[in-house]
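A look at the structure
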Amino acid sequence: MFEIIFGLFWTACTAVVTFASYFSGTTISVNGQIVSQEEFNEMLFPKIFLGIFWAVGLFMLYLGISKIIKNYRTSEYGEICYGRIIDISESGTYVNDVPELKALVTVYVESTGTLENVEEVIGLATEKKYKIGDYIEGKYYNGDINIESYLDESIVPSHLQPLFANLVTKSVEDTIVIDGIEYVKKDSIK
């Protein structure tokens, strides 16, 4: 969702600047010299400069829309699956200096009978909805998962519990949370 909001804002600002530069019909100052609108329209550098801004905005919109389409397809065509969160890390996105978190989830896919590792964004570091070792229920489709709910271990089907039992290599005791960010204790790394 961040990508769509950022892409819309960035593209809207770029559109305003482009419109003001190319369609205002007034004279424009370039390097301290006044040029007419026709002369400005023939210059290559402003087109390249604004083109870079357009490319960034449209790329961010593309990323956001493709994530929405992927999640929609997973919710429509995905199969119910069970999984376990084996790691949580930052996704690289920050909202108001708060990192967005992604979970590495091992999922049992019933149709193929295999375990798959899938990454899914689980919210901001201040929310802390999930922990390492949590069981989840979700929908899986083509390498994507939509986490639908947290599960207690007793609810996970008994034939899957042995598959998930030894997946988590670090426990909650191996981590410490400082200012909403979870760090792994040095002596717990193997």
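Heads up: the structure comes first, above all this text.
Below or above, wherever it landed, is the structure these notes cover. Within every chain, residues take consecutive numbers counted from 1 along the sequence as written. Local features in this predicted model are restricted to residues of pLDDT 70 or higher, and side-chain atom pairs are both shown and tallied only at a pLDDT of 80 or more, whereas totals for entire chains, interfaces and linings draw on every residue. Side-chain metrics in this entry use all non-hydrogen atoms of the structure; hydrogen atoms and water are not considered.

Under the scheme used here, helices are H or I runs from DSSP no shorter than 4 residues and strands are E runs no shorter than 2 residues, and both carry numbers assigned from the N terminus. Scanning the protein chain from terminus to terminus reveals 4 helices and 9 strands. When the helices and strands of the protein chain are listed from N to C terminus, the series reads α-β-β-α-α-β-β-β-β-β-α-β-β. Throughout, exposure labels follow a simple rule: accessible area from a 1.4 Å probe, protein chains only, divided by the maximum for the residue type, with under 20% read as buried, over 50% as exposed, and the rest as partly exposed. For the protein chain, the proportion of its 190 residues judged to be buried stands at 34%. When checking whether two residues touch, look at their non-hydrogen atoms; a contact exists if any pair is within 4.5 Å. Looking at the protein chain alone, contacts between residues at least 24 apart form 55% of all its contacts between residues at least 6 apart. Taken as a whole, the protein chain presents about 12100 Å² of accessible surface, with 59% of it coming from carbon and sulfur. Throughout, the Shrake-Rupley method with a 1.4 Å probe supplies accessible areas, and for residues the shown protein chains are the sole cover considered.

What follows concerns empty space enclosed by the protein. Only protein atoms enter the 1 Å grid used here, on which a cavity is any set of points holding a 1.4 Å probe that cannot leave and a pocket is any open set flanked by protein within 12 Å on both sides along at least five of seven lines; residues with an atom within 4 Å of a point are listed as lining. Grid points are joined across faces, edges and corners, and a volume is the space filled by probe spheres set on the points. Applying the stated rule across the entire model yields 1 cavity of 30 Å³ or more. In this model, the largest cavity occupies a volume close to 30 Å³. In terms of lining residues, the largest cavity is bounded by Leu101, Ile122, Gly123, Leu124, Glu127, Lys128, Lys129 and Tyr130. It is strand 5 (residues 114-124) that provides the largest number of residues to the lining of the largest cavity, a total of 3 residues. Its residues assigned to classes, the lining of the largest cavity comprises 4 nonpolar, 1 polar and 3 charged. Any residue outside Ala, Val, Leu, Ile, Met, Phe, Trp, Tyr, Cys, Pro, Asp, Glu, Lys and Arg is labelled polar, Gly included; the first ten of those are nonpolar and the last four are charged.

Roughly 650 Å³ of volume is contained in the largest pocket. As for the largest pocket, its lining consists of 20 residues, and the residues nearest its centre are Glu3, Lys67, Asn71, Glu120 and Val121. For the lining of the largest pocket, the elements supplying multiple residues, two or more each, are helix 1 (2-22), helix 3 (45-77), strand 3 (79-95), strand 4 (98-109) and strand 5. The greatest single-element share of the lining of the largest pocket, amounting to 6 residues, is contributed by helix 3. For the lining of the largest pocket, the per-class residue count stands at 7 nonpolar, 5 polar and 8 charged.

Glancing now at helix 3. Each α-helix winds once per 3.6 residues, and so residues spaced three or four apart point in a common direction. The span you would expect from a helix comes to 1.5 Å times its residue count less one. Helix length check: helix 3 (33 residues) gives 47 Å between terminal C-alpha atoms against 48 Å at 1.5 Å per residue, within 8%. Inspection of helix 3 places Pro46, Leu50, Gly57, Met60, Leu61, Gly64 and Thr74 among the buried residues, and these make up the whole buried set. For helix 3, the elements touching its buried residues are helix 1, helix 2 (37-42), strand 6 (135-141) and strand 7 (144-151).

Note on geometry: axes are C-alpha line fits, over the in-contact stretch for helices, and angles between N-to-C directions span 0 to 180 degrees. Where helix 1 meets helix 3, the axes come as close as 8 Å, and the angle between the chain directions of the two elements is 155°. Here helix 1 is positioned roughly antiparallel relative to helix 3, judged by the angle of their axes. Here helix 1 and helix 3 pass one another in a crossing that is left-handed. Of the residues belonging to the contact of helix 1 with helix 3, the class tally is 19 nonpolar, 6 polar and 3 charged. Roughly parallel means an angle under 35 degrees; roughly antiparallel, over 145; roughly perpendicular, 65 to 115; everything else is oblique. We call a crossing left-handed when the near helix sits turned anticlockwise from the far one by less than a right angle, and right-handed when that turn is clockwise.

We define a nonpolar core as any set of buried Ala, Val, Leu, Ile, Met, Phe, Trp, Tyr and Cys residues linked to one another through side-chain atoms lying within 4.5 Å. One finds Ile85, Ile88, Val105, Val107, Ile122, Ile136 and Ile145 to be the most contacted residues of the largest nonpolar core, which totals 18 residues. Mapped by element, the contributors of at least two residues to this core are strand 3, strand 4, strand 5, strand 6 and strand 7. Ranked by residue count, the leading element in this core is strand 4, at 6 residues. Within the second largest apolar cluster, 6 residues are counted, among which are Tyr108, Val156, Leu160 and Phe164.

Another point: the sheet that holds strand 5. Taken together, 5 strands build an open sheet; the order of strands is 5-4-3-6-7 and the sheet is antiparallel. Across the chains shown, the open sheet's two edge strands, defined by having one partner strand only, are strand 5 and strand 7. Averaged over all adjacent pairs, the angle separating strand axes in this sheet is 40°, with direction ignored. Strands strand 3, strand 5, strand 6 and strand 7 of the sheet are contacted by helix 3, whose axis makes an angle of about 60° with strand 7. Only strands that DSSP links by at least two bridges are regarded as paired with each other.

The next subject is unusual backbone geometry. Notably, Asn96 is not glycine yet its phi reads approximately 55°, a positive angle. Mapped onto the elements, Asn96 comes out in the loop between strand 3 and strand 4. One non-glycine residue with positive phi stands out, namely Asp97, at about 65°. Positionally, Asp97 belongs in the loop between strand 3 and strand 4.

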